[in-house]
Amino acid sequence: MGNLMSRLTARPGALIALMVLLFLSVTILGDRFLRGVSLDLTEDGLYTLSDGTIETIAALGEPVTFDLYFSRALATPYPQLLSFGKRIEDLVATLASRSGGKIILNVIEPEPFSEDEDRAVEAGLKGVPLSDGSTLYLGLAARNAVDGEASIPFFSQEREQFLEYDLVKLIGSLSDAGKKRLTLLTALPMQFGPGGPQAMMSGQAQPYVLYEQLREFYDVQEIAEDFTEIPAETDVLMIVQPPALNDDQLFAIDQFVLKGGRALVFLDPHSEAMNPRAMEPSPSALGVLLKAWGVEMPEGKVLGDAALAQRVQMGGYGPDSVKDYVFWLNIGKSNLNADDVVTGTVNTLNLASTGVLEPVEGATTTVTPLITSSSASMLFDASRAVGMPDPDGLMRDLVSDGKNHIIGARLSGPAKSAFPDRVKVDAPTVDAGGVAEGSINLVLVADSDLFDDRFWVQVQNFMGERMAVPVAGNGSFVLNLADHIAGSEALLDLRARGIARRPFVKVEEMRREADAHYRSEEQALEEKLQSAEQRLAELEGQVPEGQTVFSPEQEAEIERFRTELVETRKALREVKRELRAEIEGLGHRLAFINIALIPILLVLAALGRAYVRRRRTAG
């Protein structure tokens, strides 16, 4: 073996040939026998499927066909979009390879005006028109063997970190049939709007916009204040500013959650939606349930936040009439959990007179904050939020406690019943007796005013139709929460992934410089071309009166301008060609660096080492 290595070292050409042969052999054998085996060394595990995704794929009962439409050639001039498209292609290919043949992947590059393009449009995909008249597609159509169809019309780069979630949700939607059941328990007049049932009887009912939106996507069934059980067919239990509940009703909710029921709960230390002119706080609570779920909401306390305070009109005129009101909060991206699949896509929320959630020491559940305050905040007595609050006085009295209070959170994990003594003795509201513990999964928000139209949407009357113009993302937040929590366990396990986009800043800078250089030259030539065409048109319209032909001088000038016109067009074409070549050349150089530079450096290093050893041997 040692003699063989010595002889190979003495013959660098043979060594290189052997290395190339070894490389090709490993590549071919790997493609043949190791397909689907991967090693993910990316910082955020971008190419590692989550357990929830693997469970979803494993549970597929029938084959699913993915038609990925990706206009790769048209995306080439846009490096970030091209990179994003490749990542999508890699991810769906990984899904297909891990599915054991249950996911059939077709990657299609639709040519303009082709049958593939027609099929993309028929599947519901949306293309992006480009300046040259072509259309760029980057979408996915999925179907199964029982006529289930779904699609992602166009992959948005803004949702790159939720790409895996969107694909798993797409798979799940193929087998979903009909609307899901949302059971609503609330004391708010969501169904009738301000004025309640009396407004309905007088024909003035205006349901909350969010209530109408929920009804579009869910089978919303409201349960009465004196309910005795949670309907068995409930997919999502939504509790919004509930009425006072007795122990039997709290026990029913306790058991529903412990048995795996999904719940969205919105409580409030003071609901302004209940009565905007109230002289006393209108709180809501769930008694002992919150502590059993691992959190507490301090009673009679309202959050004031100087950094998130909304500017509100407090009466009067002039700039002094607009003041910062610390109880009405405008929550921006920096106070929303960017890693959560719901709040990660919401830009802003408007809340009013919110409470806070505090984890209970020793709790077994996991509290994942979704909405937090700024550190310039403190808790006030809820009585300061009723009647005619004094914004200036509140701002003066606000002494920051330095905490980022939790306003909304996901609660998950093992929990025990809040009614351990009743579990085995008395279970009147459950089918097969009570359970003492279970794994819960719910969302709790310390505000219910976010449902009130006046805090997040402008409702206009347009030709007899109500038209809602959102000014905050409250609607998207609630709908996406319901959509997410109503999904499978696999979906609930998925969270945001790191984004794969790592922009090449220097490369982008070089591309922009080349683009600016040629664009200025192109613009100058286009102006020259336009001027020549205009002058030529003027000359051709100057036929002397009484004559049908131009004079020799006019003919010569017209010919000169025609020649100039042709030369300018030729120069313009050349500039455009050079611009495109410059951008493509940049891409080729980058590809060469990524693909070939390291192998070349290794070969050069091997040659250098062999040369040095040969010199030493000769010496």
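Here's a quick rundown of the structure. If you're wondering where the values come from, they're calculated on a predicted model, not measured in any experiment.

Side note on the environment of A75
Argument step 1. Topologically, A75 is positioned in helix α4 (residues 72–75).
Argument step 2. Owing to a relative accessible area of 0%, A75 belongs among the buried residues under this scheme.
Argument step 3. With 61 residues separating them in the primary sequence, A75 and L136 have C-alpha atoms 7.3 Å apart.
Argument step 4. Each residue touching A75, except ones within four places of it in the same chain, is listed here: F70, L81, L82 and L136.

Quick word on the sheet that holds strand β17 (residues 366–372)
Argument step 1. Taken in spatial order, the seven strands make up an open sheet running β8-β7-β9-β10-β20-β19-β17, and their pairing is mixed. Each of the sheet's edge strands pairs with one partner strand only, and the pair in question is β8 (218–222) and β17. Recorded for the sheet is a direction-independent mean angle of 20° between the axes of neighbouring strands.
Argument step 2. Note: strand β7 (residues 180–186) against strand β9 (residues 236–240), five bridges, orientation parallel.

Some points on unusual backbone geometry
Argument step 1. Unlike most non-glycine residues, Q241 shows phi in positive territory, near 45°.
Argument step 2. Relative to the helices and strands, Q241 resides in the loop between β9 and α10 (247–258).
Argument step 3. The class of Q241 is buried, set by a relative accessible area of 2%.
Argument step 4. Of note, the phi angle at S353 is positive, near 45°, even though the residue is not glycine.
Argument step 5. Along the polypeptide, S353 turns up in the loop between β15 (349–352) and β16 (358–359).
Argument step 6. Taking relative accessible area as the criterion, S353 reaches 0% and is therefore assigned buried.

So, a negative patch on the surface
Argument step 1. On the surface, D118, E122, D147 and E149 cluster together to form a negatively charged patch.
Argument step 2. The residue D147 is located in the loop between β5 (138–144) and β6 (149–152) in this model.

Side note on the sheet that holds strand β13 (residues 309–313)
Argument step 1. Spatial ordering of the open sheet is given by β13-β14-β15, a layout of three strands whose pairing is antiparallel. Unpaired on one side and paired on the other, β13 and β15 mark the two borders of the sheet. Taken pair by pair, the neighbouring strands of this sheet meet at an average axis angle of 55°, ignoring direction.
Argument step 2. Bridge analysis of strand β14 (residues 322–331) against β15 gives four bridges, and the strand direction is antiparallel. In the sheet register, I331 faces β15, and the bridge partner there is L349.

Some words on the packing of helix α5 (residues 79–98) against helix α7 (residues 163–173)
Argument step 1. Relative orientation of the contacting elements α5 and α7 amounts to 50°, with a least axis distance of 11 Å. As summarised for this structure, α5 and α7 are arranged oblique, according to the angle between their axes. The element α5 and its partner α7 pack so that their crossing is right-handed. Across the interface between the two elements, R87, I88, L91, V92 and L95 from α5 touch L163, E164 and L167 from α7.
Argument step 2. Broken down by class, the residue content of the contact of α5 with α7 amounts to six nonpolar, no polar and two charged.

A word on the nonpolar core
Within soluble globular proteins, side chains that are nonpolar tend to cluster in buried spots.
Argument step 1. Among the nonpolar cores identified, the biggest contains 47 residues, and M238, F266, F451 and F477 are the most heavily contacted of them.
Argument step 2. Among the elements that take part in this core, helix α14 (residues 474–485) stands out by supplying six residues, more than any other.
Argument step 3. Residues in contact with F477, not counting those within four places in the same chain, are F266, V342, T343, V346, L349, I371 and V445.

So, the packing of aromatic side chains
What characterises a pair of aromatic rings is the spacing of the ring centres plus the angle enclosed by the ring planes.
Argument step 1. In total, this model carries six aromatic pairs according to the counting rule given.
Argument step 2. Ring geometry for F327 versus F380: centroids 5.3 Å apart, planes at 80°, classification edge-to-face. With a gap of 53 residues between them, F327 in strand β14 and F380 in strand β18 (residues 377–381) connect regions that are remote in the sequence.
Argument step 3. For F327, a relative accessible area of 0% puts it in the buried group.
Argument step 4. Ring geometry for W328 and F455: centres 5.1 Å apart, planes at 90°, overall edge-to-face. Within this pair, whereas W328 is found in strand β14, its partner F455 is found in the loop between β20 (437–445) and β21 (457–462), the two being separated by 127 residues in sequence.
Argument step 5. Pairwise contacts between aromatic rings join Y325, F327, W328, F380 and F455 into one cluster.
Argument step 6. Of note, R422 hangs over the ring of F251, and the distance from its end group to the ring centre comes to 4.7 Å.

Rules and cut-offs
Residues numbered from 1 in each chain as written. Predicted model: local features only at pLDDT ≥ 70, side-chain atom pairs only at ≥ 80, totals over all residues. Heavy atoms only, no water. Helix = DSSP H or I, 4+ residues; strand = E, 2+ residues; numbered from the N terminus. Buried < 20%, exposed > 50% of the residue type's maximum accessible area, 1.4 Å probe, protein only. Contact = heavy atoms within 4.5 Å. Pairing = 2+ DSSP bridges. Axes fitted to C-alpha atoms, helices over the stretch in contact; angles between N-to-C directions. Patch = residues over 30% accessible without salt bridge, like charges linked within 9 Å, V, L, I, M, F, W, Y side chains within 5 Å. Areas by Shrake-Rupley, 256 points an atom, 1.4 Å probe, with all protein chains shown as cover. Salt bridge = Lys/Arg side-chain N within 4 Å of Asp/Glu carboxyl O. Lys, Arg positive; Asp, Glu negative; His and termini not counted. Charge placed at Lys NZ, Arg CZ, Asp CG, Glu CD. Parallel < 35°, antiparallel > 145°, perpendicular 65-115°, else oblique. Left-handed = near helix turned anticlockwise from the far one by under 90°. Nonpolar A, V, L, I, M, F, W, Y, C, P; charged D, E, K, R; others polar. Core = buried A, V, L, I, M, F, W, Y, C linked by side-chain atoms within 4.5 Å. Phe/Tyr/Trp six-rings, centres within 6.5 Å; stacked < 30°, edge-to-face > 60°. Lys NZ or Arg CZ within 6 Å of the ring centre and 35° of its normal.

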